[in-house]
Amino acid sequence: MSQHAPDETARLLGSGLLSFPVTHFRDDLSFDEDAYRANVARLGHEGVAGLFAAGGTGEFFSLTAAEVGRVVRAAAAETPDGVPLIAPAGYGTATAVEMARDAERAGADGILLFPPYLTEAPQDGLVAHVRAVCEATGLGVTVYSRSNAVYQDGTVARLAEACPNLVGFKDGVGDLELMTRIRSRLGDRLVYIGGLPTAETFALPYLEMGVTTYSSAIFNFVPEFALGFYKAVRARDRDEVRRRLDGFVLPYCEIRNRCKGYAVSIVKAGMRAAGRPAGPVRPPLTDLTAAEFADLTPLVEKVL
């Protein structure tokens, strides 16, 4: 696959629904590359605007740096031409810089910069962190605002001015006032991505703020439903959005909310319910119980 320039990557990401493939593991928790490649190839031909390898749904924080490189290379080999592939970077700044450089060598089109490690950091520290990653690569970089890396509007403005290849802002917080301030201050300088767990629940109100796309985890196992939901959002068809929320998304979220970490675990359970098993999640995440899987299966089967 040929790599896209940062501005083209941003344009493509903002043009449609984004897919965050799960990372397939065998029962012994080793990476199942063949199964992963097959899934990436399938998802890449389903009409998505971008694929994010080893992202949050892909259990990034459970992977070693070497495994991240292997996952990204496997995804690069299977992603269709024209579909941007975004690779992860994270942890401390030195590690994130190395990951960004390796992703560029692997053929990725952009970087999703995850929050760093345990310790909270001031806004000036986050600026230095993002600048170091942006300066280490020619790829377009999207920051993921979440957890211990919540970027304030002034910080995002400073970074956008200093880093020409900062192309995206992904929100995992849900602070509508902050998002409004960022969007008002930056305008169309960045592409804005909804990144809350099960982002479909926030898609319609976020669209009103100029957030034209979001990360869909359910696309892994019900792609037609996910695309139909996105189409209804972009058309501002509130009745159809509500129908899909009531019929699947909200009952799905009820199961997801039963245990911490289920935002990832339930996606792999959904894969199994849809007849496309992707193996277990890695610790410290836990898989759904048998009873919870039994609750999920008829929901999935209803929208397949």
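Residues numbered from 1 in each chain as written. Predicted model: local features only at pLDDT ≥ 70, side-chain atom pairs only at ≥ 80, totals over all residues. Heavy atoms only, no water.

**A few points about unusual backbone geometry**
A cis amide bond links P283 with the next residue in sequence, P284, at an omega value of 10°. Its place among the elements puts P284 in the loop between α11 (262–273) and α12 (290–303). Even without a glycine there, the phi angle at T198 is positive, about 50°. Topologically, T198 is positioned in the loop between β7 (191–194) and α8 (203–207). Using a relative accessible area of 12% as the deciding quantity, one classes T198 as buried. Here R236, not a glycine, exhibits a phi torsion of approximately 55°, which is positive. (Helix = DSSP H or I, 4+ residues; strand = E, 2+ residues; numbered from the N terminus. Buried < 20%, exposed > 50% of the residue type's maximum accessible area, 1.4 Å probe, protein only.)

**Observations concerning the pattern of salt bridges**
Tallied over the full model, the rule gives 21 salt bridges. A salt bridge links D188 to R183, with the nearest nitrogen and oxygen atoms 3.0 Å apart. Judged by its relative accessible area of 21%, R183 falls in the partly exposed class. One salt-bridge network, held together by shared partners, links E33, R37, R70 and E78. (Salt bridge = Lys/Arg side-chain N within 4 Å of Asp/Glu carboxyl O.)

**Structural notes on the packing of helix α10 (residues 238–256) against α11**
Two numbers describe a pair of packed helices, the interaxial angle and the distance between the axes. Their axes nearest at 9 Å, the elements α10 and α11 cross at an angle of 115°. Handedness of the α10/α11 crossing: right-handed. The residues of α11 that touch α10, namely those facing Y252, I255 and R256, are Y262, A263, I266 and V267. Grouping the amino acids of the contact of α10 with α11 by side-chain chemistry returns six nonpolar, no polar and one charged. (Axes fitted to C-alpha atoms, helices over the stretch in contact; angles between N-to-C directions. Left-handed = near helix turned anticlockwise from the far one by under 90°. Contact = heavy atoms within 4.5 Å. Nonpolar A, V, L, I, M, F, W, Y, C, P; charged D, E, K, R; others polar.)

**Describing the side chain of K170**
You can see K170 is positioned in strand β6 (residues 166–171). D171 provides the closest opposite charge to the buried, salt-bridge-free K170, at an N-O distance of 10 Å. Every residue in contact with K170, bar those within four places of it in the chain, is listed here: F20, L112, T142, V143, Y144, S145, I193, G194, G195 and S215. (Lys, Arg positive; Asp, Glu negative; His and termini not counted.)

**Section: the packing of aromatic side chains**
Taken as a whole and assessed by the stated rule, the structure comprises 14 aromatic pairs. Relative to Y206, the ring of F202 lies with its centre 6.4 Å away and its plane at 65°, an arrangement referred to as edge-to-face. Residue class for Y206 comes out buried when judged on its relative accessible area of 3%. With a centroid separation of 6.1 Å and 35° between ring planes, the pair formed by F221 and Y252 is classed as tilted. Of the two residues, F221 sits in the loop between β8 (213–216) and α9 (223–234) while Y252 sits in helix α10, which places them 31 residues apart along the sequence. The two residues F221 and Y252 agree in class, both being buried. Ring pairs connect the aromatic residues F60, F61, Y91, F114 and Y144, which therefore count as one cluster. Lying over the aromatic face of Y144, K170 brings its terminal NZ or CZ to 4.2 Å of the ring centre. (Phe/Tyr/Trp six-rings, centres within 6.5 Å; stacked < 30°, edge-to-face > 60°. Lys NZ or Arg CZ within 6 Å of the ring centre and 35° of its normal.)

**Digging into α10**
With 19 residues, α10 should reach 27 Å at 1.5 Å per residue; the first-to-last C-alpha distance of 24 Å falls well below that figure. By the largest-angle criterion, L245 marks the main kink of α10, which is about 50°. Residues E240, V241, R244, L245, F248, V249, Y252, C253, I255 and R256 constitute the buried set of α10. Those residues of α10 hidden inside the fold are in contact with α8, α9, α11 and α12. (Expected span 1.5 Å × (residues − 1). Bend = angle between axes of the 7 residues up to and from the residue.)

**Examining the nonpolar core**
Here is a general trend for soluble globular proteins: nonpolar side chains tend to be buried in one another's company. With 107 residues, the main nonpolar core has Y151, L166, F169, F221, F229 and F248 as its most contacted residues. Contacts of L166, omitting those with residues within four sequence positions, involve V130, C134, V141, V143, L159, A160, R189 and L190. (Core = buried A, V, L, I, M, F, W, Y, C linked by side-chain atoms within 4.5 Å.)

**Regarding the sheet that holds strand β3 (residues 85–89)**
Taken in spatial order, the eight strands close into a barrel running β1-β2-β3-β4-β5-β6-β7-β8, and their pairing is parallel. Both β3 and strand β4 (residues 110–113) contribute to a ladder of four bridges, which runs parallel. When the sheet's bridge partners are listed, A89 is paired in β4 with L113. Each of β6 and β7 is contacted by helix α7 (residues 176–186), which is oriented at about 165° to β7, the strand it contacts most. (Pairing = 2+ DSSP bridges.)

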